[in-house]
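# A look at the structure
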Amino acid sequence: MKNTPIPYDIVKQKIKESNLPNVGRASIRELVRLVNEIEAATGIKYVRMEMGVPGLEPSELGINAEIEALKRGVASKYPMIDGVPELKKEVARFVKNFINIDVNEQGCIPTVGSMQGAMAAFLVTNRCNVKKDTVLFIDPGFPVQKQQLHVLGMNYETFDVYNYRGEKLRDKLESYLQKGNISTILYSNPNNPSWICFTDTELQIIGELANKYDIIVIEDLAYFAMDFRKDLSKPGEPPFQPTVANYTNNWLMLISSSKAFSYAGQRIGVMVISNQLYKRKYPDLKRYFTSEEFGYAMLYGAVYSLSSGVCHSTQYGLAAMLKAANEGTFNFVETVKEYGEKAKIMKKLFTDNGFKIVYDKDEDKPLADGFYFTISYPGLSGEELLEELLYYGISAISLAITGSERTEGLRACVSQVQRSQFPDLEERLKRFNEDHKNS
Ligand SMILES: Cc1ncc(COP(=O)(O)O)c(C=O)c1O
């Protein structure tokens, strides 16, 4: 039996009991359960990098505003589907202040997280034109969005952007768009899982092609303002969060409060629809909705069907945080910079011990340090690496489940790892490297 930091026989046994056909390809939640069980059986804490849960406390501003709203009695009242006016106002200001894009309050719609935002978006964008019934993912990406399309019985196509950065993106995208079946392009920026950030050249290409082929772009800003190479924290001042909205009117943004505001538990995000797209009429929408207007179909068709609005008090909580951010009294970016600082140290611990960073560049620039990074180890596939690391008390997910073609890679999330665990991480990585470097 091998001598590993976590008792070999227990890990082996727990993997067997999990009944997972292939641990190396397990979903995030399956890995969470498995690691919980190993931790309980051994009493040894893992360096947990499998799940993207915020590891920071939210601002008191949000919590207090929610408490006040509850005391005012909002709990017994259904919220308006399009959101409370205070929130809509602050979202529109926020989009202007931090993205430098003008949008009407009408197009700022709260959703139950960006998760619900994506589900609602698919219900409409994929039905605007009877001939266009397929979503194109610029991958790697967030696996649950593909699950949403499966559940909806809708089609998607995908490619890994790794080899198509910069100008190369144009031909690759056109090879899909020319076929005529793509309704929507979706990507996250910064990207989960690779943390690549699209450059303005790339966003411009996406925007120009969205115009040429009349495609709607869903820009998933789950990690809003978290490219820490730039200071995106000052309202109304450049630099701003880069966006495709500078190059096309066919956009819809999903802004999540989960990571940038550490508000994941309250399940609120916002969908922001461009003024032109909101008003645009697509006769084919009448197949599913009472109106052919995009915004109307989204609000009273899709969003209404999914949840009749978003938790009333939480809307006030987010409104309060956005208001303070807009007024420059709450620097939310400063708070989450901790992720970037931890990533820098953790990436070095991995690379000092024989690991490689898989996605390592934005065109010619080194990648930013942020919420996630990607790793591989020479000679091991991603699936083998994931399973092997479990014996060393380190958990991550395989890039293979994210639409990445880099099947040697894993995604590591920094958020749940405490700085006090860095010595453990270093020690375990050293052991791992010693045990594997010549095999
Ligand atoms: C790329 C991406 N999109 C969407 C989401 C969902 O965000 P929310 O918590 O707002 O539903 C996540 C969450 O991890 C994500 O990584």
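Everything numeric here is computed off the predicted structure, so don't read it as measured data. (Residues numbered from 1 in each chain as written. Predicted model: local features only at pLDDT ≥ 70, side-chain atom pairs only at ≥ 80, totals over all residues. Heavy atoms only, no water.)

Along the backbone of the protein chain there are 14 helices and 15 strands. Here the C-alpha radius of gyration of the protein chain, 22 Å, is about what a compact globule of 439 residues would show, namely 22 Å. On the principal axes, the C-alpha backbone points of the protein chain span a range of 65 × 55 × 40 Å. In the protein chain, buried positions account for 59% of the 439 residues. Contacts in the protein chain between residues far apart in sequence, at least 24 positions, make up 76% of those at least 6 positions apart. When the accessible surface of the protein chain is totalled, it reaches about 17,700 Å², and 49% of it is carbon and sulfur. Positive and negative side-chain charges in the protein chain, numbering 52 and 55 respectively, have mean positions lying 2 Å apart. (Helix = DSSP H or I, 4+ residues; strand = E, 2+ residues; numbered from the N terminus. Rg over C-alpha atoms; globule rule 2.2 N^0.38 Å. Buried < 20%, exposed > 50% of the residue type's maximum accessible area, 1.4 Å probe, protein only. Contact = heavy atoms within 4.5 Å. Areas by Shrake-Rupley, 256 points an atom, 1.4 Å probe, with all protein chains shown as cover. Lys, Arg positive; Asp, Glu negative; His and termini not counted. Charge placed at Lys NZ, Arg CZ, Asp CG, Glu CD.)

Here we take up helix α12 (residues 332-351). The first and last C-alpha atoms of α12 sit 30 Å apart over 20 residues, in line with the 28 Å expected at 1.5 Å per residue. What α12 keeps buried is the set Phe332, Val333, Val336, Tyr339, Gly340, Lys342, Ala343, Met346, Lys347, Leu349 and Phe350. Check the buried side of α12 and you find it contacts α4 (85-99), α11 (312-326), β9 (356-357), β12 (372-376) and α14 (422-436). Two or three places before Val333, at the opening of α12, Asn331 has a side-chain oxygen 3.2 Å from that residue's backbone nitrogen. (Expected span 1.5 Å × (residues − 1). Polar contact = N/O pair within 3.5 Å; in protein donor to acceptor, adjacent residues only side chain to side chain.)

Turning our attention to the UniProt feature "domain: Aminotransferase class I/classII large" (unreviewed entry) in the protein chain. Under the UniProt annotation, "domain: Aminotransferase class I/classII large" (unreviewed entry) lies at residues 58-420. End-to-end, the C-alpha atoms of residues 58-420 are 21 Å apart, and along that stretch the chain is 38% helix and 16% strand. (UniProt positions renumbered as here; feature names shortened; annotations may be inferred.)

What follows covers the sheet that holds strand β2 (residues 108-111). Within the open sheet, the seven strands sit side by side as β2-β8-β7-β6-β5-β3-β4. Their pairing is mixed. If you trace the sheet from one side to the other, it starts and ends with β2 and β4 (155-160), each paired once. Averaged over all neighbouring strand pairs, the angle between strand axes comes to 20 degrees, with direction disregarded. Lying over the sheet, α4 contacts β2, β6 (216-221), β7 (251-256) and β8 (269-273), oriented at roughly 110 degrees with respect to β2. (Pairing = 2+ DSSP bridges. Axes fitted to C-alpha atoms, helices over the stretch in contact; angles between N-to-C directions.)

Turning our attention to the site of the ligand. Neighbouring the ligand are 14 residues, the closest being Ser114, Asp220, Tyr223, Ser256 and Ser258. Separating an oxygen atom of the ligand from a backbone N or O atom of Met115 is a distance of 2.9 Å. At a separation of 2.6 Å, an oxygen atom of the ligand approaches a polar side-chain atom of Tyr223. Protein contact buries 93% of the 390 Å² of open area that the ligand shows by itself. Sorting elements by how many residues they give to the shell around the ligand places helix α5 (residues 113-125) first, with three residues. (Near = heavy atom within 4 Å.)

Moving on to the domain arrangement of the protein chain. Assigned domains of the protein chain: these are domain 1 (8-56 + 333-436) and domain 2 (60-326). Tallying the contact residues gives 30 residues for domain 1 and 33 residues for domain 2. Where domain 1 abuts domain 2, roughly 2,700 Å² becomes buried across the two surfaces, and 62% of that area is made up of carbon and sulfur atoms. Contact with domain 2 buries surface across domain 1, with Tyr359, Glu363 and Tyr372 losing the most and accounting together for 22% of the total. Our enumeration of links across domain 1 and domain 2 arrives at two salt bridges. The salt bridge partner of Asp362 is Arg165, with a shortest N-O separation of 3.1 Å. Of all the secondary structure elements, the ones that give two or more residues to the side of domain 1 that touches domain 2 are α12, β10 (361-362), β11 (365-366) and β12. Among the elements that take part in the side of domain 1 that touches domain 2, α12 stands out by supplying five residues, more than any other. (Domains from an automatic or database assignment. Buried area = accessible area lost by both parts, 1.4 Å probe. Salt bridge = Lys/Arg side-chain N within 4 Å of Asp/Glu carboxyl O.)

For Ser18, the position within the fold is in the loop between α1 (8-17) and α2 (28-42). Within the local environment of Ser18, its side chain forms a polar contact with the backbone oxygen of Ile15, the two atoms lying 2.6 Å apart. Discounting residues that sit within four places of it in the chain, Ser18 has contacts with Arg33 and Leu34.

This brings us to the packing of α1 against α2. As a packed pair, α1 and α2 sit with axes 10 Å apart at the nearest point and diverge in direction by 140 degrees. Comparing their axes, α2 and α1 come out oblique. The way α1 lies across α2 gives a crossing that is right-handed. When α1 is examined against α2, the residues Ile10, Val11, Lys14 and Ile15 are found in contact with a partner set consisting of Leu34, Glu37, Ile38, Ala41 and Thr42. Residues that form the contact of α1 with α2 fall into these classes: six nonpolar, one polar and two charged. (Parallel < 35°, antiparallel > 145°, perpendicular 65-115°, else oblique. Left-handed = near helix turned anticlockwise from the far one by under 90°. Nonpolar A, V, L, I, M, F, W, Y, C, P; charged D, E, K, R; others polar.)

Burial within strand β3 (residues 134-139) is extensive, with six of its six residues counted as buried. The alternating pattern of β3 places Thr134, Leu136 and Ile138 on one face and Val135, Phe137 and Asp139 on the opposite face, and all of these are buried. Sheet topology note: the β3/β4 ladder contains six bridges and is parallel. Within the sheet, the bridge partner assigned to Ile138 lies in β4 and is Phe159.

Bringing the nonpolar core into the picture now. The nonpolar side chains of soluble globular proteins are, as a tendency, buried together. Counting residues in each nonpolar core, the largest one holds 120 residues, and the members touching the most others are Leu173, Phe224, Val272 and Phe332. The dominant element in this core, judged by the number of residues it contributes, is α12, at eight residues. Residues from two domains meet in this core; each of domain 1 (8-56 + 333-436) and domain 2 (60-326) gives at least three. The contact partners of Val272, leaving out residues within four places of it in the chain, are Val91, Val95, Val103, Gly107, Cys108, Trp251, Leu252, Met253 and Ile255. Formed by 31 residues, the second largest nonpolar core is a distinct cluster that contains Ala118, Leu123, Val124 and Leu186. (Core = buried A, V, L, I, M, F, W, Y, C linked by side-chain atoms within 4.5 Å.)

Moving on, we get to the sheet that holds strand β14 (residues 397-398). Strands sit in the order β9-β12-β15-β14 across an open sheet of four strands; the sheet is antiparallel. Looking along the sheet, the strands with just one partner apiece sit at the ends: β9 and β14. Bridge count between β9 and β12: two bridges; the pairing is antiparallel. By the bridge assignment for β12, Ile357 is matched with Ile375.

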